[in-house]
Amino acid sequence: MARFAVESWSPEYGSPVGEEGQPDLVPAAAVDPSIELPAAEWQPIDCASADIATDVLFVDGVRRIDARLWFDIDGRSRGGIAASYAAGVIRCRDEATIEQEAVGRGIFAMTGAATIDCGKVRYEHHPTATEDMEQLQRGIQSEMGRMEKDLAAKAGPAELLFLDGPLRGGESIPGAVGYIKSHQAGYLPDEAAGVVGQLRPGQRTPLFLIQQSWSRYSWYVRLPIDLPGHPWAGIARCEVAARGTAREAAAVANRASVTLQRFASTPHKDTRAPQNLFPIAGLENHLRHRLGDREFLYRQLRMAALAGEG
Amino acid sequence: MDEKPAKGEAVGRVIGTEDSTPLEFWAAVGPNQFLQLDDVVALERTLPGGDSVEIYGVVTQVRARHEGARFDSDVFLISEGVLPAERVEAARILTTRYEPEVFVPPLPGSEVRKARGVERERALFFEGMTSRVPAGLSRSDEPFYINLEFLDGTRGAHVNISGVSGVATKTTYAMFLVNAVFQSGVFGVEGQHNKALVFNVKSEDLMYLDQPNVKLKPEQASRYRSLGLEPAAFPSVEFWAPPRPGDRNAAPWTERRHPGVGSFFWTIHEFCRDDLLQFLFADVSDERQQYPMVVHAVMAQLRKARKLDDGAVVIEGKTIHVFDELVRFIADRLEDEETKDFWGGRAIGQGTLNAFIRRLYGAVPHLKNLIRSDVPNPAAHAIARQKQVTVVDIHNLNQRAQRFVVGVVLYRMFQTKEEAGTRLPLEFIVLDEMNKYAPREGSSPIKEILLDVAERGRSLGMILLGAEQTASEVERRIVANAAIRVVGRLDSAEAGRDEYGFLPVVQRQRATIMKPGTMIVSQPELPVPMVVEFPFPSWATRADEAPPPTVRGGTDSDPFEGMAPED
């Protein structure tokens, strides 16, 4: 086993050396708002006529850094992280059942680090290019994404499949609708952005095309909300891969928008209501629980480090 | 130790989210399995070093929850298919036995099995009982036993049964136990001489013990058989009722049942000779007055009475045949200045004497039928106790007369047993409404006798099966001396009292909703009281449960029995 030490600072503080992890920001992108309606004619689209899907899958994953580690690689101390991650698929038909779930634990560090076996648990080494925190985070994200994709494939067909979070190009689950509840990038030109504020629950914006390294159709939808707050309250963004025609994408958008209404959470039960959907919150709770007790894992890692010393 | 018992099927595992202790732990129930209240379970724990400890217990609570739900209203989201959640059932288990006694907690994750057959017998200590009496059935019709050694006086004696009238079926259960003891043959040859004395205190419930119950359904009959008992009436019973008021022949005072019932009373001579006067003053309030001194003085005089052939007496030259004559005679002696000190004792105030006389007169209407020498052949009216079971019917009597009868019968039995000085044959005494005879407060001659029975009866072979609505109103020492405690339906205020401290909290709650035919039985060896059902009585408890008289008419019933033979 490679020699390693566990950072004594609790993982949520980051590390006294090195950078904080950066959120996965989408760079400003070329956006074409005139896919469904010309940008100047943008107006809310009512989806009520679309069929509500009765067999829906939600795919989500959770991750957690269990410890920050220092590996002794070629005489140099290199940072790495030990992370637990889990993914699951929930099917909402008559009952909401967790159909697939899996837990993984990994060491994300540069080549030269190694798998750590703590006896009860085992952290598999996934080599990263650098010891940069962003790289390490991306490593976890990509392992988790792979897990999500595998599980979604096992789950079998459904009328709609929502993936919590943005799609990731070719790595994504085929046919998935990406569901994004927080808005870090403004995609729309100002004249179109005003329509978002006009949306009533169950309505969506026209589609717009985002072209980055890969293309996807996206739209904003308003979820049920009791008290109208600021213009963006209860707004979620969805996206689908731009593989088919805009007309096909619009049909999916209508159906997804009307179906989502049913799963929206209520403020007294969820601080991120209504966007944090009930099934996803339930799945996340379940998966977080499956990650295991962090204190316990942290202790296991430290014990393994001490054993490696000796 | 003998070989390991066969193992039952696994039903779940010990959980780690509730404390697991040597006395109590929780087990989650596996999918497609269930545990219900009173189920008996078994599990093992291997100690460092490889020794294995067998742990047994009883389910005292079961619960089901939605895991994944945080709010009560989440249940709607879950049933609409919006929120994922898992249903999980868990059972609280009170341990009954550790074998060997290494009191370590069961480990979370350990597999819990339903205990059946030999394993169940081990869990409930049945396998170690050298002789045992069937005391009921579990919900799934498995037999439940009590250790005879705690009933027959070897290591303990007496049964105390509490429960609300009507639904608790206390006397029926007492009779079920008596029947089980007699039938099970646990005493072998000696057992043939064991007897039971039963007081019938309410309607004619116990006046049909010798009649099979025609309403006994085959499935109930088979429950008897699964306990190793024959669903039958008591084979050998004699019935005694007080004489009908105003009847010169002292015919028995019964409503529905006539054949085979004798009438009982005591002669004036017995009353004088055996100090029965004290039982006329058996009310607890009597003891607070100064009567006892007068009572003892009068009794001393009455003992000098000379017996005539028909049970009448001659005292100080006066012949007395009936009770009111005797009362008048005593009153005359106490009111006469010359004889007053001699009969009533010195330095007794006139007020006390007057009060005594008033009470004595007050007793006449209720007791004149029970203390008399105006009927020929009085020996035929003594409670004979020739049969295995003797039923003494007192339900028609007023309270004062009831106390008198119970007091006198027990007093005589106690004296007889004391003189015999042997434990066997056993005498089982079934007495309901213990609170009337041995109330918690005060003292009275009857209470003293019952206390004697409770405290010394064990060695004399007198086994008291006492019952009452509320144990909190009965003398503590009597309840405390009962090795077997039984609880039927209780009202909730009563269930909360200290007297039921031997019941775990859930069982106290349960006692408030128990159906007739269900009892909680606590016996010394088993740390957890068990809820048992007992089958519908196989003897008739009402006229309409008995076979019609044509069928009934056997050699047993003499239509003229109870009538005084003509001279």
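Described below are features of the structure shown in this document. Positions within a chain are numbered from 1, following the residues in the order the chain's sequence is written. Each chain takes a letter, starting from A, and each ligand takes a number, starting from 1, following the order in which they are written. Reporting in this predicted model follows two pLDDT cut-offs: at least 70 for local features of residues, and 80 or more for side-chain atom pairs to be given and counted; totals over whole chains, interfaces and linings ignore these cut-offs and use all residues. Side-chain metrics in this entry use all non-hydrogen atoms of the structure; hydrogen atoms and water are not considered.

**As for the overall build of chain A**
Thought 1: Helices and strands together make up the secondary structure of chain A, namely 5 helices and 14 strands.
Thought 2: Within chain A, the proportion of its 310 residues that are buried is 51%.
Thought 3: We call two residues in contact whenever any of their non-hydrogen atoms come within 4.5 Å of each other. Expressed as a percentage of contacts within chain A between residues at least 6 apart in sequence, the contacts between residues at least 24 apart total 66%. By definition, any uninterrupted DSSP run of H or I lasting at least four residues is a helix, any uninterrupted run of E lasting at least two residues is a strand, and each is numbered from the N terminus. For every residue, the accessible area (1.4 Å probe, protein chains only) is compared with the maximum for its type, and the residue is labelled buried under 20%, exposed over 50%, or partly exposed between those bounds.

**Digging into the packing of aromatic side chains**
All names here are of chain B.
Thought 1: Centres within 6.5 Å are what make two rings of Phe, Tyr or Trp a pair, Trp counting through its six-membered ring; a difference in plane orientation under 30 degrees is then read as stacked, over 60 as edge-to-face, and the rest as tilted. Inspection of the entire model under this criterion finds 24 aromatic pairs over all chains.
Thought 2: Note on Phe-126 and Tyr-145: the rings are 5.1 Å apart at their centroids and 90 degrees apart in plane angle, and the pair reads as edge-to-face. Pair noted here: Phe-126 is in the loop between α2 (118-123) and β7 (132-137) and Tyr-145 is in strand β8 (residues 143-147), with a separation of 19 residues, a long-range link.
Thought 3: Residue class for Phe-126 comes out buried when judged on its relative accessible area of 1%.
Thought 4: Residue classification places Tyr-145 among the buried residues on the basis of a relative accessible area of 10%.
Thought 5: Their ring planes at 40 degrees and their centres at 5.8 Å tell us that Phe-176 and Phe-534 sit as a pair that is tilted. Highlighted residues: Phe-176 in helix α3 (residues 170-184) and Phe-534 in the loop between β21 (530-533) and α17 (549-552), separated in sequence by 358 residues.

**What about the interface of chain B and chain A?**
How big an interface is tends to be stated in terms of accessible area lost as the parts join.
Thought 1: At the interface, 13 residues of chain B touch 15 residues of chain A.
Thought 2: Here the quantity called buried area is the total loss of accessible area, with a 1.4 Å probe, experienced by two parts when brought into contact, counted for both. In total, about 1,100 Å² of surface goes out of reach between chain B and chain A, with carbon and sulfur atoms giving 54% of it.
Thought 3: By the criterion of area lost to chain A, the three top residues of chain B are Gly-81, Val-82 and Pro-84 of chain B, representing 47% of everything that side buries.
Thought 4: Put simply, a salt bridge is a Lys or Arg side-chain nitrogen that is within 4 Å of an Asp or Glu carboxyl oxygen. Our count for the chain B to chain A interface comes out at 2 salt bridges.
Thought 5: As a salt-bridge pair, Arg-87 of chain B and Glu-95 of chain A come within 3.6 Å of each other at their nearest N and O atoms.
Thought 6: Any N or O atom pair separated by 3.5 Å or less is treated as a polar contact, with the protein-specific requirement of one donor-capable and one acceptor-capable atom, and with residues adjacent in sequence counted only for side-chain atom pairs. Along the contact surface separating chain B from chain A lie 4 residue pairs in polar contact (both at pLDDT 80 or more).
Thought 7: With 3 residues, helix α1 (residues 74-79) of chain B is the single largest residue contributor to the side of chain B that touches chain A.
Thought 8: Gly is put with the polar residues, along with every residue not named as nonpolar or charged; the nonpolar set is Ala, Val, Leu, Ile, Met, Phe, Trp, Tyr, Cys and Pro, and the charged set is Asp, Glu, Lys and Arg. When its residues are assigned to classes, the side of chain B that touches chain A shows 6 nonpolar, 3 polar and 4 charged.

**Regarding the environment of Asn-396 of chain B**
All names here are of chain B.
Thought 1: Within the secondary structure layout, Asn-396 lies in the loop between β16 (389-393) and α11 (399-420).
Thought 2: The exposure class of Asn-396 is buried, given its relative accessible area of 19%.
Thought 3: Counting along the chain gives 51 residues from Asn-396 to Lys-447, while the straight-line C-alpha distance between them is 22 Å.
Thought 4: Other than its neighbours up to four places away in sequence, Asn-396 contacts Trp-253 and Glu-255.
Thought 5: A distance of 3.3 Å separates the side chain of Asn-396 from the side chain of Glu-255, its partner in a polar contact.

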